[in-house]
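Structure assessment
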Amino acid sequence: MRLPRFDPFTDAFRAAPDAVYGAYRGAAPVHWGKSPATRARGAWYVFDSDLVRHVLRDPAFGRETHRGKGNDKGSGPAATLPLSLVIDNWVMFRDPPVHTRLRSVLSEALRRERVETWRADCRRLARDHAGVVGAMPVFDLVADYAVPYAAAVTGLVVGLPSTDSRFLAETAAPISRLLDFHPAPGVQPAAASAVQTMTRYLADRWEQSDGAAHYALLPALKAAASEGRCSTREAIDSLILLVATGQATLGNLVINAAGCLLTHPDELAALAADQATPERAIEETLRFESPVQFAGRVVLNETRVDGHRFNRGDLVLCALGSVNRDPAATDDADVFRLDRDRVRHQSFGGGIHACVGVNLARMAGAEAIRALAPILADRAAVWPRRPWRELALFRARTRLDLIRPGRDHKPEPST
Ligand code: HEM
């Protein structure tokens, strides 16, 4: 059967991406499909584990889209020029040598030992947030737990006052929407305005920080700037990126982990009975319901992949959600199980752009689930009819009400 052009912007994909991935992966490892860049004629999608690993690591592929041709990042109306200037300092959109320099500053600031110093505070934050929702007869896992927890963690690790958490959550949301596929017309201006607000806020905090060597990100980046490893502007723009990506992805990871556990009560029971660890629940969630579905590259030098000619400037999207369900890479790939010897996934991408927040994501995600598990075990979910985010890059439910069974509502079956 001839498959239609791959299109991740459909209701069918949103409802069951694994089924759509399976059909395309089964037919061929590489397909031409609809591009997230509105003016481009299409994009390559790669569905197979080995090829994704190859594309993410091959220097024929990069991230500086303006060095290619045929897509619309980097240009735009004058009103969004300040936004373009900030984005130009975001490590994820740069190639070496700028990427190498910025990446070394961020990797050091987010290294494992530093992340471990935040664990006790993250555990406390998770317990506090769980305490609040645990006392509510009905709560929305997304708005009442995952989003505020992710904002609180981000504020903590950047070194911002806890009273600013709500401001951070509200200001970061339009910026992270900019990073997703197919931005709607209002997204760029909203992100531009949020970036200006966030820049002013962080610049004030930067002035107030004495840069003393303690373990938060803002002083760490201030120290790097004073050593000449990056400019002040690059450091502040990088903090905006960390706040926006960190909050969105961490929140989505917690939402997806809770969703997976609620739909797999035996695994939730094992976790609540300490027969499985929250770390394992996070790792299996990253594989089974990947919060980031694609890692993008642009072709810098013409090359061939699986017999297709990839031209300079073509956009290539590595379908992480597909490779994580590839039966060639994982036994029972379509089953959510906490008893695997080893969880194999590529949810953090790979090569020089592999996620720099990986240690923080794992630690803060596990702490969130550790505190939430006993509450989940005691609740029933009210499954909404259109549960998933509209856009395709970041995958998570947008709302999930949890009730005490026998009270208030009757749970509906999942659609
Ligand atoms: C919670 C789960 C998370 C997931 C699933 C995730 C996933 C990803 C993926 C797929 C990439 C692109 C990799 C590539 O292109 O090969 C990426 C890059 C990145 N992530 Fe994450 N991420 C998460 C959390 C975080 C957090 C908490 C932060 C920051 C505090 C963060 C900061 C970044 C940055 C700055 C990059 C760009 C790195 C570069 O280009 O060198 N991420 N992440």
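Here is a short report on the structure shown in this document. Everything quoted here is computed from the prediction, not taken from an experiment.

What counts and how
Residues numbered from 1 in each chain as written. Predicted model: local features only at pLDDT ≥ 70, side-chain atom pairs only at ≥ 80, totals over all residues. Heavy atoms only, no water. Helix = DSSP H or I, 4+ residues; strand = E, 2+ residues; numbered from the N terminus. Rg over C-alpha atoms; globule rule 2.2 N^0.38 Å. Buried < 20%, exposed > 50% of the residue type's maximum accessible area, 1.4 Å probe, protein only. Contact = heavy atoms within 4.5 Å. Areas by Shrake-Rupley, 256 points an atom, 1.4 Å probe, with all protein chains shown as cover. Lys, Arg positive; Asp, Glu negative; His and termini not counted. Charge placed at Lys NZ, Arg CZ, Asp CG, Glu CD. Donors = N, O, S within 2.8 Å, 3.2 Å for Na, K, Ca; no water. Pairing = 2+ DSSP bridges. Axes fitted to C-alpha atoms, helices over the stretch in contact; angles between N-to-C directions. Left-handed = near helix turned anticlockwise from the far one by under 90°. Nonpolar A, V, L, I, M, F, W, Y, C, P; charged D, E, K, R; others polar. Near = heavy atom within 4 Å. Polar contact = N/O pair within 3.5 Å; in protein donor to acceptor, adjacent residues only side chain to side chain. Core = buried A, V, L, I, M, F, W, Y, C linked by side-chain atoms within 4.5 Å. Phe/Tyr/Trp six-rings, centres within 6.5 Å; stacked < 30°, edge-to-face > 60°.

1. Observations regarding the overall build of the protein chain
A tally of regular secondary structure across the protein chain gives 16 helices and 10 strands. Taken over the C-alpha trace, the protein chain has a radius of gyration of 21 Å; the compact-globule value for 415 residues is 22 Å, and the two agree within 12%. Seen along its three principal axes, the alpha-carbon backbone of the protein chain occupies a region of about 65 × 60 × 40 Å. With 415 residues in all, the protein chain has 56% of them scored as buried. A separation of at least 24 residues holds for 74% of the contacts in the protein chain among residues at least 6 apart in sequence. Total accessible area computed for the protein chain in this model is approximately 18100 Å², and 52% of it derives from carbon and sulfur atoms. The protein chain carries 53 positive and 48 negative side-chain charges, and their two centres are separated by 3 Å.

2. Some details on the coordination of the iron atom of the ligand
Of the protein atoms, Cys355 (SG) alone serves as a donor to the iron atom of the ligand, at 2.3 Å. Examined against the element boundaries, Cys355 turns out to sit in the loop between α15 (320-323) and α16 (358-376).

3. Comments concerning the sheet that holds strand β9 (residues 380-382)
As a general point, the strands of a sheet are linked pairwise by backbone hydrogen bonds and lie either parallel or antiparallel. Across the sheet, three strands lie side by side as β4-β10-β9; this open sheet has antiparallel pairing. Edge positions in the open sheet fall to β4 (138-140) and β9, since each of these has one partner strand only. On average, each strand axis in the sheet is inclined to that of its neighbour by 30°, with strand direction left out of account. Where β4 meets strand β10 (residues 401-403), three bridges bridge the pair, whose relative direction is antiparallel. Following the sheet pairing, Phe139 is matched in β10 by Leu402.

4. What to know about the packing of helix α8 (residues 141-158) against helix α12 (residues 232-263)
At a minimum axis separation of 9 Å, α8 and α12 run at an interaxial angle of 145°. Crossing of α8 against α12: the hand is right-handed. Between α8 and α12, the residues in contact are Leu141, Val142, Tyr145, Ala146, Tyr149, Ala150, Ala151, Val153, Thr154 and Val158 and Leu239, Leu242, Val243, Gly246, Gln247, Leu250, Gly251, Val254, Ile255 and Ala258, respectively. Among the residues making up the contact of α8 with α12, the classes are represented as 16 nonpolar, four polar and no charged.

5. Re the pairing of strand β5 (residues 294-299)
The element β5 is largely enclosed, with a buried count of six among its six residues. Across two bridges, the pairing between strand β3 (residues 61-62) and β5 is antiparallel. Residue pairing for β5: Gly62 is matched across the bridge by Val298.

6. Some remarks on the site of the ligand
Taken together, 29 residues are adjacent to the ligand, and His99, Arg103, Arg297, His353 and Cys355 come closest. Here an oxygen atom of the ligand sits 2.7 Å away from a polar atom, N or O, in the side chain of Arg297. By residue number, the principal contributor to the shell around the ligand is α12, which donates seven residues. Considered class by class, the residues forming the shell around the ligand number 18 nonpolar, nine polar and two charged.

7. Points about the side chain of His345
Its place among the elements puts His345 in the loop between α15 and α16. A polar side-chain atom of His345 sits 2.9 Å from a polar atom in the side chain of Glu283. Of note is the side chain of His345, whose polar atom sits 3.1 Å from the backbone nitrogen of Ser347. Leaving out residues up to four positions away in the same chain, His345 has contacts with Glu283, Leu286, Arg287, Asn324 and Arg362.

8. Some thoughts on the nonpolar core
One finds Tyr149 and Phe294 to be the most contacted residues of the largest nonpolar core, which totals 114 residues. Ranked by residues supplied to this core, first place goes to α12 with 17 residues. What Tyr149 contacts, discounting residues up to four positions off in sequence, is Cys122, Leu125, Ala126, His129, Leu250, Val254, Ala364, Glu367 and Ala368. Of all hydrophobic cores here, the second largest spans 17 residues; its members include Val46, Val55, Ala60 and Leu320.

9. Focus: the pairing of strand β2 (residues 43-46)
A regular strand places its side chains so that they alternate between the two faces of the sheet. Burial of β2 is two-sided: the residues Ala43 and Tyr45 facing one way and the residues Trp44 and Val46 facing the other way are all buried. When strand β1 (residues 30-33) meets β2, the two strands line up antiparallel, connected through four bridges. Within the sheet, the bridge partner assigned to Gly33 lies in β2 and is Ala43. Of the strand pairs in this sheet, β2 and strand β8 (residues 315-319) are connected by three bridges, and their pairing is parallel. Within β8, the position partnered with Tyr45 by the bridge is Leu317.

10. Brief notes about the packing of aromatic side chains
Any pair of aromatic rings gets described here by the distance separating the centres and the angle formed by the planes. This model, assessed by the stated rule, comprises 16 aromatic pairs. Ring geometry for Phe13 against Tyr21: centres 5.3 Å apart, planes inclined by 85°, an arrangement best described as edge-to-face. Tyr21 gets classed as buried once you look at its relative accessible area, which sits at 1%. With a centroid separation of 6.4 Å and an interplanar angle of 70°, the aromatic rings of Tyr21 and Phe294 are classed as edge-to-face. Of this pair, Tyr21 sits in helix α2 (residues 17-27) while Phe294 sits in strand β5, and the two are 273 residues apart along the sequence. Phe294 matches Tyr21 in its accessibility class, with the two residues each being buried. Cluster of aromatic residues (ring-pair linked, three or more members): Phe6, Phe13, Tyr21, Tyr24, Tyr45, Phe47 and Phe294.

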